[in-house]
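# Structural overview for review
For reference, the chains in residue letters:
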Amino acid sequence: MIIFSSNFIKGANTTVVKEHAAVRAAAQHTVAEHLRLTAAGQVEEWVKLFAPDAVLEFPYAPPGVPKKVTGRDALVAHMSNFPKIFDVEFIDMAFHDTVDSSLVIVEFRSKGTALSTGKPYEQTCISVVRTDSDSLITHYLDYWNPLVAIEALTPHDAPSAAGLEVTFGS
């Protein structure tokens, strides 16, 4: 028969809680760095935050933008034009704790300008991000409103038309 003292169990629980907190903090730091490097246009540094076979997914991507990008090379190709298209900062980050400490849910706002039109690019985003044991992003599910991007990238003198498309990303 094995008997555990309450001190042993308390200590074990404290250790587990600290480990989860450390994993959560590292995962959230990775996501914050992702946003910082994206805004700074540092694509080569940004892609190092992703696992080699990572997936970046855009469920609401408009025509002309892929819904899913897989692998570091494809991620770089997809994001390399972003700094030429938008001057943006990501603000008001709010992280939501999850049961899985390597899963990050974050709300944030983008505040910036579409460089080709000078129009504002401001919207609220929610991202659901999975990280691995090295705190690298394995899956990034990005919820943003494509209509905001389309409006920002549409020239002031462009006529209104159904099916208007703009290209950004790969």
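Up top you'll find the structure we're talking about.
Since the structure is predicted, the reported quantities are computational estimates derived from the model, not experimental observations.

## Structural notes on the overall build of the protein
- Tallying secondary structure elements over the protein gives 5 helices and 6 strands in all.
- Start at the N end of the protein and walk to the C end: the helices and strands fall as α-α-β-β-α-α-β-β-β-β-α.
- Counting over 170 residues, the protein shows a buried share of 39%.
- In the form shown here, the protein has an accessible surface area of approximately 9,600 Å², with 57% of it arising from carbon and sulfur atoms.

## Describing the sheet that holds strand β1 (residues 50-57)
- Spatially, β2-β1-β6-β5-β4-β3 is the arrangement adopted by the 6 strands of the open sheet, whose pairing is mixed. Two strands bound the open sheet, and with one partner strand each, they are β2 (68-70) and β3 (86-96). Across the sheet, the mean angle separating the axes of adjacent strands is 20° when strand polarity is ignored.
- With respect to the sheet, helix α3 (residues 72-79) is in contact with β1 and β2, its orientation differing from that of β1 by roughly 50°.
- Of the strands in this sheet, β3, β4 (103-114) and β5 (120-131) are in contact with helix α5 (residues 146-153), which crosses β5 at around 140°.

## Structural notes on the pairing of β1
- Where β1 lies against strand β6 (residues 137-143), 4 bridges are found, and the strand directions are parallel. Residue pairing across strands places L56 opposite Y140, the latter belonging to β6.
- Of the pairings in the sheet, the one linking β1 to β2 comprises 3 bridges and is antiparallel in character. By the bridge assignment for β2, L56 is matched with V69.

## Overview of the nonpolar core
- Formed by 37 residues in total, the largest nonpolar core has its most connected members in W46, F50, L56, L75, F86, F108 and Y140.
- Apart from the residues lying within four places of it in its own chain, the contact partners of F108 are L35, F90, I91, D92, M93, Q123, T124, C125, S127, Y140 and D142.

## Section: α5
- Turning to α5, its buried residues are P146, A149, I150, A152 and L153. For α5, the buried positions fall inside an angular range of 165° around the axis, keeping them on one side.
- Residues of α5 that are buried sit in contact with α4 (82-85), β3, β4 and β5.
- The N-cap of α5, judged by a side-chain oxygen 2.9 Å from the amide nitrogen of L147 a few residues on, is N145.

## Some details on the packing of aromatic side chains
- One pass over the structure, following the stated rule, counts 6 aromatic pairs.
- With 6.2 Å between their ring centres and 75° between their planes, F58 and W144 make a pair best called edge-to-face. Here W144 lies in the loop between β6 and α5 and F58 lies in the loop between β1 and β2, a separation of 86 residues in the sequence. W144 shares its class with F58; the two are buried.
- Through successive ring pairs, a cluster of aromatic residues spans F82, F86 and Y121.

Conventions adopted
Residues numbered from 1 in each chain as written. Predicted model: local features only at pLDDT ≥ 70, side-chain atom pairs only at ≥ 80, totals over all residues. Heavy atoms only, no water. Helix = DSSP H or I, 4+ residues; strand = E, 2+ residues; numbered from the N terminus. Buried < 20%, exposed > 50% of the residue type's maximum accessible area, 1.4 Å probe, protein only. Areas by Shrake-Rupley, 256 points an atom, 1.4 Å probe, with all protein chains shown as cover. Pairing = 2+ DSSP bridges. Axes fitted to C-alpha atoms, helices over the stretch in contact; angles between N-to-C directions. Contact = heavy atoms within 4.5 Å. Core = buried A, V, L, I, M, F, W, Y, C linked by side-chain atoms within 4.5 Å. Arc of directions from axis to C-beta. Polar contact = N/O pair within 3.5 Å; in protein donor to acceptor, adjacent residues only side chain to side chain. Phe/Tyr/Trp six-rings, centres within 6.5 Å; stacked < 30°, edge-to-face > 60°.

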